[in-house]
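A structural walkthrough
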Amino acid sequence: MNSFTYARAIDVADAVRQGGEANSKYLGGGTNLVDLMRETLERPSSLVDVTGLSSAITEREDGSILIGAAAKNTAVAEHIAVRTRYPLVARAILAGASGQIRNMATVGGNLLQRTRCTYFYDEDGSRCNKRNPRQGCDAIEGFNRIHAILGASPACVATHPSDMCVAFAALEALVHVTSSEGVRTIAFGDLHLLPGDHPEVETTLKPGELITAVELPPLAFSQHSVYRKVRDRASYAFALVSVAAAMELDNGTVRDVRLALGGVAHKPWRALKLEASLKGQPATAESFLAAAEEELADAKPLAHNKFKVELAKRTIVAVLAELAGDIS
Ligand SMILES: Cc1cc2nc3c(=O)[nH]c(=O)nc-3n(C[C@H](O)[C@H](O)[C@H](O)COP(=O)(O)OP(=O)(O)OC[C@H]3O[C@@H](n4cnc5c(N)ncnc54)[C@H](O)[C@@H]3O)c2cc1C
Ligand code: SF4
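These numbers come from a predicted model, not from an experiment. (Residues numbered from 1 in each chain as written. Chains lettered and ligands numbered in written order. Predicted model: local features only at pLDDT ≥ 70, side-chain atom pairs only at ≥ 80, totals over all residues. Heavy atoms only, no water.)

**A word on the site of ligand 2**
Note the threshold: One heavy atom suffices: a residue is near a molecule or strand as soon as one of its heavy atoms comes within 4 Å of it. A 1.4 Å probe that fits but cannot get out identifies a cavity on a 1 Å grid over protein atoms alone, an open set with protein on both sides within 12 Å along at least five of seven lines counts as a pocket, and a residue lines either if it has an atom within 4 Å of a point. The rule for placing a molecule in a cavity or pocket is simple: more than half of its atoms must lie within 2 Å of the grid points.
Around ligand 2, 13 residues are found, and the nearest of them are Cys117, Cys128, Cys137, Cys156 and Val157. More than half of the atoms of ligand 2 fall within 2 Å of the grid points belonging to the largest cavity.

Structure follows, in structure tokens:
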């Protein structure tokens, strides 16, 4: 048994002071961290409970929405401003986990939840570079149906499991963090890392940095957005492929578009090539497919997940067609 201390932070300064200690972990709803501790995949010597810090969801004068990191997933999905102005966020959250888990899970914890690669969890039977650096990766030659098709490396082919993060990536959300060295803001696309040679390093957070809030910047067409998740079961399953998208049309032409993919890479995958190629094109199924093919051109599927390439293209086309309304 691993023993650890538990303390509840009374404010951000208190959290950062305690969380800055070696081998300390922040505790949100515990829906991922506590599971990992039970499996002894995480062995913190102290837990700093940050659920008492800001959970406020605030509409600001500049049009942005600031979401306190302790806000529960359910509260974000139910918030009227999120539902009406950023429907892709509400739909992404509601596509994840179960009602009970969403009631417990916090925004900060959702961002830092760990992969669902089955080899990662099989500590006694499998090699895993993320768990034990330079040990090897049994997923690459193993059963890799749920693994990455984009941005993977010879060290790791795991995917990021979050739904909410896919919507945040499409919206170019900002992550506010605090440590004993001060505060800083991280562009959402810079928070999570591709695996490279060091899959054990998953984010650009420095040791002890506390996520205090996520900011949704104003986006003129964010209300015209959706999230679609394709999975093995209708609930309680992680994405095989998911798509978060917002699109602005001008007389049948794509004026602007944001799109990110889930279930395909080590981080939420912003489809920048697709976005660039689609702007100015007619909003037709042909244009959507051409842009999807451009985005997936670099896909490197594994033995058991070739289906994800076609699934991603079809899901992109379906989502964009939904946003475009009645197209031929
Ligand atoms: C059965 C099941 C099904 C699930 N299905 C889905 C799904 O379909 N889609 C999906 O997206 N998710 C799914 N999840 C995952 C769930 O969304 C996450 O477990 C949850 O969002 C994590 O939030 P938490 O507050 O409980 O984090 P915790 O478990 O408390 O923490 C997770 C990590 O975040 C760190 N952390 C927490 N708060 C902060 C902070 N403020 N600053 C810095 N670090 C912090 C912790 O130290 C830890 O490393 C599922 C979970 C379960 C158990
Ligand atoms: S894919 Fe990544 S997480 Fe899974 S076994 Fe390989 S190194 Fe570990």
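Picking up where we left off.
**Structural notes on the environment of Ile140**
The test is simple: Helical segments are the DSSP runs of H or I of at least four residues, strand segments are the runs of E of at least two, and each set is numbered from the N terminus. In this analysis, two residues are considered to be in contact whenever any of their non-hydrogen atoms come within 4.5 Å of each other.
As for its placement among the helices and strands, Ile140 is situated in the loop between α8 (118–121) and α9 (164–171). Measuring from C-alpha to C-alpha, the distance between Ile140 and Gln223 comes to 40 Å, with 83 residues separating the pair along the chain. Those residues in contact with Ile140 that sit more than four places away from it in its chain are Ser153, Pro154 and Val157.

**So, the site of ligand 1**
What counts, and what does not: Pairs of N or O atoms are called polar contacts if they sit within 3.5 Å, as long as, within protein, a hydrogen donor faces a hydrogen acceptor (for residues adjacent in sequence, only side-chain-to-side-chain pairs). Computed with the Shrake-Rupley method and a 1.4 Å probe, the accessible areas treat only the protein chains shown as cover for residues. Any residue outside Ala, Val, Leu, Ile, Met, Phe, Trp, Tyr, Cys, Pro, Asp, Glu, Lys and Arg is labelled polar, Gly included; the first ten of those are nonpolar and the last four are charged. An automatic or database domain assignment supplies the residue ranges for each domain.
Taken together, 32 residues form the shell around ligand 1, and within it Tyr26, Thr31, Leu33, Thr106 and Asp163 come nearest. Here an oxygen atom of ligand 1 and a backbone polar atom of Gly28 are 2.8 Å apart. Contact with the protein chains removes 93% of the 970 Å² of surface that ligand 1 exposes when unbound. Here the shell around ligand 1 is composed, by residue class, of 14 nonpolar, 13 polar and five charged. When residues are assigned to domains, the shell around ligand 1 turns out to be shared by domain 1 (5–51) and domain 2 (225–327), each giving three or more.

**Looking at helix α1 (residues 12–19)**
Stated precisely, the cut-off is as follows: Residue exposure (1.4 Å probe, protein chains only): buried if accessible area is under 20% of the type maximum, exposed if over 50%, otherwise partly exposed.
What α1 keeps buried is the set Asp14, Ala15, Val16, Gln18 and Gly19. Of the surrounding elements, those touching the buried residues of α1 are β1 (5–8), β2 (24–27), β3 (46–49), β6 (174–179) and β8 (210–216). Measuring from the backbone nitrogen of Ala13 back to the side-chain oxygen at the start of α1 gives 3.3 Å, which picks out Asp11 as the cap.

**Quick look at the sheet that holds strand β4 (residues 57–59)**
Rules: Pairs of strands are assigned from DSSP output, requiring at least two bridges between the strands. Here, axes are lines fitted to C-alpha atoms. For helices the fit covers the stretch in contact, and angles between N-to-C directions go from 0 to 180 degrees.
Taken in spatial order, the five strands make up an open sheet running β4-β5-β8-β6-β7, and their pairing is antiparallel. Strand pairing shows two members of the sheet lacking a second neighbour, β4 and β7 (182–187), which therefore form its edges. Geometrically, the sheet is characterised by an average inter-axis angle of 20° between neighbouring strands, direction not taken into account. Where α1 meets the sheet, its contacts fall on β6 and β8, and the angle it forms with β8 comes to roughly 130°.

**Observations concerning the pattern of salt bridges**
To keep things clear, this is the line we draw: A pairing counts as a salt bridge when a side-chain nitrogen of Lys or Arg comes within 4 Å of a carboxyl oxygen of Asp or Glu.
Scanning the entire structure with this criterion turns up 24 salt bridges. Notably, a salt bridge pairs Lys229 with Asp163, separated by 2.8 Å at the nearest N-O pair. Of the two residues, Lys229 is situated in strand β9 (residues 225–230) and Asp163 in the loop between α8 and α9; the sequence distance between them amounts to 66 residues. Take Lys229: its relative accessible area is 13%, and that puts it in the buried class. The class of Asp163 is buried, set by a relative accessible area of 7%. A cluster of three or more residues bridged by salt bridges with shared partners is formed by Lys25, Glu42, Arg114, Lys130 and Glu202.

**Side note on the nonpolar core**
Basically, it comes down to this: Side-chain atoms within 4.5 Å link the members of a nonpolar core, which is a set of buried Ala, Val, Leu, Ile, Met, Phe, Trp, Tyr and Cys residues.
Core analysis: the biggest nonpolar cluster contains 42 residues, and Val76, Val89, Val107, Leu111, Phe168, Phe188 and Leu216 have the highest contact counts within it. Ranked by residue count, the leading element in this core is α9, at eight residues. Not counting residues within four places of it along the chain, the set of residues in contact with Phe188 comprises Leu111, Cys165, Phe168, Ala169, Ala173, Val175 and Pro268. Ile149, Val264, Ala283 and Ala291 belong to the second-largest nonpolar core, a separate cluster that totals 31 residues.

**A word on the domain arrangement of the protein**
Along its sequence, the protein is carved into domain 1 (5–51) and domain 2 (225–327). A C-alpha centroid distance of 36 Å is found between domain 1 and domain 2.

**Quick look at empty space enclosed by the protein**
Remark: the empty space left among the atoms is shown by a probe the size of a water molecule rolled over them. The condition that has to hold: Grid points are joined across faces, edges and corners, and a volume is the space filled by probe spheres set on the points.
For the structure on display, the rule yields one cavity of 30 Å³ or more. Approximately 80 Å³ is the volume attributed to the largest cavity. Lining the largest cavity are 15 residues, with Cys117, Cys128, Cys137, Ala139 and Cys156 sitting closest to its centre. Its residues assigned to classes, the lining of the largest cavity shows 10 nonpolar, two polar and three charged.

**Topic: the packing of helix α11 (residues 285–296) against helix α12 (residues 307–324)**
To keep it simple, the criterion reads: Each crossing gets its hand from how the near helix is turned against the far one by less than a right angle, where anticlockwise is left-handed and clockwise is right-handed.
The geometry of α11 relative to α12 is characterised by a closest axis approach of 9 Å and an angle of 140° between their N-to-C directions. Where α11 crosses over α12, the two elements pack in a sense that is right-handed. Contacts between α11 and α12 pair Ala285, Phe288, Leu289, Ala292, Glu293 and Leu296 from the former with Val309, Ala312, Lys313, Ile316, Val317, Leu320, Ala321 and Ala324 from the latter.

**A look at the environment of Ser179**
Locating Ser179 in the fold gives a position in strand β6. Looking at Ser179, the relative accessible area reads 13%, which means it is buried. For Ser179 and His160, which are 19 residues apart along the polypeptide, the C-alpha to C-alpha distance reads 25 Å. The residues touching Ser179, leaving out its near neighbours within four places in the chain, are Val16, Gly208 and Glu209.

**What to know about the sheet that holds strand β11 (residues 253–262)**
Spatial ordering of the open sheet is given by β9-β10-β11-β12, a layout of four strands whose pairing is antiparallel. The open sheet has two edge strands with one neighbour each: β9 and β12 (269–270). The pairing of β9 with strand β10 (residues 241–250) spans six bridges and is classified as antiparallel. In the strand pairing of β10, Lys229 is matched with Ser242. Each of β9, β10 and β11 touches α12; the most contacted strand, β10, lies at about 35° to it.

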